[in-house]
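Geometric and topological summary
Here is what each chain is made of, one letter per residue.
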Amino acid sequence: MTLLAALALAGFALATAGGARPANPVLVAKTGYHNAFTIALRFTNGKLVRTLPAGTYSIVVHDYSHLHNFALGSQTDNRRIFTGSIRGIGTRTYTVTLTPGNYAYACSAHFRTMNGTFVVTGASDSTTTATEPTTTGG
Ligand SMILES: [Cu+2]
């Protein structure tokens, strides 16, 4: 089967399987491009992540440098969520469930200069639509 056919089939399955769990939203992390001391977490449209609704995300980490890594942690819970290898390079995808709170990412080796933060807010429930209560005067 060609890749195109496989993709088309996957798209078909996604479109028709109403009960299937949708794919997680994707965030893209990049660190150390051209060995620069840069790190960022962006949406797929290129916008820097500053706030996110709570939920499960696929974070695709592109580590371009043997000098740098990408580590994610929760400031609210004071815990590390994942840590990439500093010496390692390559692309790795982490699936993470983010609850409301403050989060920080950094390069472990240069966390003072290579870092960023974002805030996870309460989940937006797309299955329920807020309807204004209709009250009749009393
Ligand atoms: Cu670094």
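Look above for the structure.
The sections below set out a description of the structure shown in this document. This is a predicted model, so every value here is computed, not measured. (Residues numbered from 1 in each chain as written. Predicted model: local features only at pLDDT ≥ 70, side-chain atom pairs only at ≥ 80, totals over all residues.)

With that settled, consider the sheet that holds strand 3 (residues 51-53). Read from one edge to the other, the open sheet built from five strands follows the order 3-9-8-5-6, with strand pairing classed as mixed. Of all the strands in the sheet, the pair left with one neighbour each is strand 3 and strand 6 (79-83). The mean angle between the axes of side-by-side strands here comes to 25°, regardless of whether they run parallel or antiparallel. (Pairing = 2+ DSSP bridges. Helix = DSSP H or I, 4+ residues; strand = E, 2+ residues; numbered from the N terminus. Axes fitted to C-alpha atoms, helices over the stretch in contact; angles between N-to-C directions.)

So, on to the pairing of strand 6. As paired strands, strand 5 (residues 71-74) and strand 6 are joined by four bridges and run antiparallel to one another. What sits directly across from Gly 73, in strand 6, is Arg 80. Hairpin connection of strand 5 to strand 6: four residues between the antiparallel strands, including Asn 78 at a positive phi of 50°.

Now for the environment of Gly 122. Relative to the assigned elements, Gly 122 resides in the segment after strand 9 (115-121). For Gly 122, a count of 9 C-beta atoms within 10 Å translates into the label exposed. Taking C-alpha positions, Gly 122 is 5.8 Å from Pro 53, a pair spaced 69 residues apart along the chain. Apart from residues no more than four positions distant in its own chain, Gly 122 is found in contact with Ala 54 and Pro 100. (Buried ≥ 20, exposed ≤ 12 C-beta atoms within 10 Å, placed from the backbone. Contact = placed C-beta atoms within 7 Å.)

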